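# Breakdown of the fold
Listed here are the chains, written in short residue letters.
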Amino acid sequence: MSDGYILEKRKESAVETFFNRIFFIDFIKGLSLTLKYNLSRSITLRYPDEEKWIPYKRFRGQHTLNRDEYGRELCVGCELCAKSCPTDCITVIPMEDSAGRGIADRVARVWEVNLTRCMFCGLCEDACPTEALKLGREYELSCFSLSNAVMDKDRILIAGQGEPLDLEATGAEPKGWMKVSLDSIDYITPLDFKKGDRVPANYEGGVNAAASLERTEDGIRVVPDLSKTKKWW
Amino acid sequence: MPEMATILEVLFIIFKVVVVTMILFSLPLPLTWMERKIAAHIQVRLGPFRVGPHGVLQPFADMMKLMFKEDIIPYKADKRLFRIAPIISMVPVLAAFAVVPFGNDITIPFLNEEVSLYIADMDVAILYILAITGIGVYGIIFGGWASNSKYALLGGIRSTAQMISYELPMSLAAIGVVMITNSLSLVNIVNAQQGWHWNIIYQPLGFFIFFIASLAEINRIPFDLPEDEGTLAAGYHVEYSAMRFSFFMLTEYVAMVLASVLAVLLFFGGWNGPGFLPSIVWFVVKVSVFIYFFMWIRFTLPRYRYDQLMTIGWKILLPLSLFNVLITGFFLI
Amino acid sequence: MEQIFFFIFAVVAVGSAVAVVAFRNPVHSAISLMVCFFQVAALFILLRSPFLAAAQLFIYVGAVMVLFLFVVMVLDLGRASFDEPVFHRRIWGIVVVLGLFAEVVYLTLKGEPSHIKGPYVDGAMMNNTEVMGTLLYTKYIYPFEIVSILLLLALVGAIALTMNSKGE
Ligand code: SF4
Ligand code: SF4
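On a predicted model such as this, the values are computed, not experimentally measured, just so you know.

### Observations concerning empty space enclosed by the protein
- Throughout the structure, instances matching the rule amount to three cavities of 30 Å³ or more.
- Lining the largest cavity are 20 residues, and of these Val93(B), Met163(B), Glu217(B), Ile218(B) and Ala255(B) sit closest to its centre.
- Where the lining of the largest cavity is concerned, the elements lending two or more residues are helix 4 (79-96), helix 5 (125-146), helix 6 (150-181), helix 9 (204-217) and helix 11 (242-267) of chain B.
- Among the elements that take part in the lining of the largest cavity, helix 11 of chain B stands out by supplying seven residues, more than any other.
- Class assignment for the residues of the lining of the largest cavity results in 12 nonpolar, six polar and two charged.
- In this structure, the second largest cavity spans a volume of roughly 90 Å³.
- Together, 14 residues line the second largest cavity, and Cys75(A), Cys78(A), Cys81(A), Cys128(A) and Pro129(A) are the ones closest to its centre.
- For the lining of the second largest cavity, the residue count by class is 11 nonpolar, two polar and one charged.

Following this line, the structure appears as structure tokens:
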């Protein structure tokens, strides 16, 4: 092994082997290892009864469509996401709308993603020119009916924060193409979190939050309580 | 008409038998919980957590489940034998506790009566325990044979060979202790170890042989070949379900307790210990440590192969135990 | 009281001994034999020798019968092996049985019948093992040693047989 990557195991002498056998050295090593694990903290959570893992920001879960700081839809219906998707699971049908619903004169009339085919690669997110599309942190995607696995715009567009701009009245300039950083969405301090709050986009994540299991008409949800979190690892 | 004292004595014996049996029957409940928790924590998991705080009620849930399950008897099984096999395996381990002493004599507060903490003190207690636990293997053999299934039969055959091979070193290791204390009665053996003269000091080799052999006798990892999941599905109890299956499980746990008890009585001074705790507490503490050790080993070691098992039994443990007897004899002379 | 126990054990012992021969299934016969050994062990206790009882359990029930069962289960003896003709089997069988019966009758008539030897928990009972050991190593030392040598021979013989059958 001249490449130096493989450490050669040191040869035991016969005497050493003999003593190792007699005093059960390997056995004791094994036992102490398992004892260490026995006393260490376990890595599993009491999900879904009491705890829930809140992933980091970079996590790629269920898609969300975002809005800008005035509450306008960021999606301009350019279909780039649909084109870039390797599994062809996004359908976008654009339409004209100059009422100020979106940031441009074009919005998506239909925006659907079929989660049964999606592999959460994130290419759609990268392709989106306005950062409207983001793979969020929702990972509980099981549902009772297959048709529920097709997420449409109503279900993934985040709720508006603020009134839609009345451009005529305020005389404000539409901003056109712009990049809205997700951090511009109101920051909420952890203490303000109530049970059942949606995990905000700018929440750091990587914590283990207290949670409760809730049954709703659509299925079962584990609702995290972000005011009670524990740092994990 | 017998006198009052005789009646009282008989009543006490019956009472003791009932109490010991109740304890033994309920022991698997905490033990299964312990085993699952220890398994979980060694594997960095949490283990049962949903029934009761920290899952302590899980064994009760399991018990309910086992009680309400269908009792399936295979069509081609030897039905009578299939039915009694779990009982045959259970009775000997319970019977072995008849001669196990649990502590010093205690005085009952109101009756002012000395009560010994054993059901019987036999002259041949060790021999009796070793003999009667050897009978337990019949439950496994009959269970395996009567199921009329390949895996079960193989499990039965393996367990016969294993029991025979390991009974010898186990008994011979116990002989070392008998030679030192000059008695076959467990009470005398424990009394001879008073004041830190624990036999482990004089018989370390004997203890190792005894411990390894008892691991094999109670079918625990690394010697659990009769119920090897990897090659035999579940071995001798593969066809069993519901309460009959749970009898086998109960046997296994009680046998583990018995092995711990024997190790404590023979080598670790029984209930002897510093005086600030009652003798029975010392006894329970020591036995618990051993039970933990058994579980700890289970989740540390892999299983031996069948030929390795035989090699260890016949070529290593048996000569070593004979050697141990010889050495002990020399020292005594 | 003791009489009652004696009769229970004796009846079960004889019954199971008959069952050993009567059962067609070899495993069932083996079980009956085991029950029989068990009853004999119980009778030893009635005779005030717990050591013998424990040894009976240990050796016969715990080891010999297990080996029997092992062989029976592995070989799966069919009916055919029982019908294997042995030279004048029946005649020799009858002769042996009659001889044994005569011996039993003689011993019963001439011998000293076992009688009750005192309460259970007295000194003699507790020292049973000691007494036995002393006797074995003093008075009966020669029979004891001869039996040991016989067993050793059997052991060596068994090993020699298996070595040969390997064809080496
Ligand atoms: S994450 Fe990948 S597979 Fe899923 S919709 Fe986006 S591009 Fe398609
Ligand atoms: S989500 Fe982005 S990429 Fe997709 S259609 Fe809308 S703006 Fe275009």
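### Thoughts on the pattern of salt bridges
All names here are of chain A.
- Within the structure shown, the criterion is met by nine salt bridges over all chains.
- A salt bridge links lysine 134 to glutamate 125; its shortest N-O distance comes to 3.5 Å.
- We classify lysine 134 as partly exposed; its relative accessible area is 22%.
- For glutamate 125, a relative accessible area of 18% gives the class buried.
- Salt bridges sharing partners connect three or more residues here, namely Arg46, Glu50 and Glu51.

### Brief notes about the packing of aromatic side chains
All names here are of chain B.
- Throughout the structure, instances matching the rule amount to 23 aromatic pairs over all chains.
- Pairing phenylalanine 211 with phenylalanine 293 gives two aromatic rings, centres 5.3 Å apart and planes at 35 degrees, and the pair type is tilted. In this pair, phenylalanine 211 is assigned in helix 9 and phenylalanine 293 in helix 12 (residues 279-298), connecting sequence segments 82 residues apart.
- Judged by relative accessible area, phenylalanine 293 falls into the partly exposed class, the value being 22%.
- Linked through ring pairs, Trp198, Phe207, Phe208, Phe210, Phe211, Phe267, Phe268, Phe290, Tyr292, Phe293, Phe294 and Trp296 together constitute an aromatic cluster.

### What about the site of ligand 1?
- In the vicinity of ligand 1 lie 15 residues, with Cys85(A), Cys118(A), Cys121(A), Gly122(A) and Cys124(A) positioned nearest.
- Looking at side-chain class alone, the shell around ligand 1 contains 12 nonpolar, three polar and no charged residues.

### Observations regarding the site of ligand 2
All names here are of chain A.
- With respect to spatial proximity, 14 residues lie near ligand 2, and among them Cys75, Cys78, Glu79, Cys81 and Cys128 are the closest.
- Counting atoms within 2 Å of the grid points, the majority share of ligand 2 lands in the second largest cavity.
- Residues that form the shell around ligand 2 fall into these classes: 11 nonpolar, two polar and one charged.

Rules used throughout
Residues numbered from 1 in each chain as written. Chains lettered and ligands numbered in written order. Predicted model: local features only at pLDDT ≥ 70, side-chain atom pairs only at ≥ 80, totals over all residues. Heavy atoms only, no water. 1 Å grid on protein atoms, 1.4 Å probe; cavity = no way out; pocket = protein on both sides within 12 Å on 5 of 7 lines; lining within 4 Å. Points joined across faces, edges and corners; volume = space filled by probe spheres on them. Helix = DSSP H or I, 4+ residues; strand = E, 2+ residues; numbered from the N terminus. Nonpolar A, V, L, I, M, F, W, Y, C, P; charged D, E, K, R; others polar. Salt bridge = Lys/Arg side-chain N within 4 Å of Asp/Glu carboxyl O. Buried < 20%, exposed > 50% of the residue type's maximum accessible area, 1.4 Å probe, protein only. Phe/Tyr/Trp six-rings, centres within 6.5 Å; stacked < 30°, edge-to-face > 60°. Near = heavy atom within 4 Å. Sits in = over half its atoms within 2 Å of the grid points.

None of the figures reported here should be taken as evidence of function without further support.
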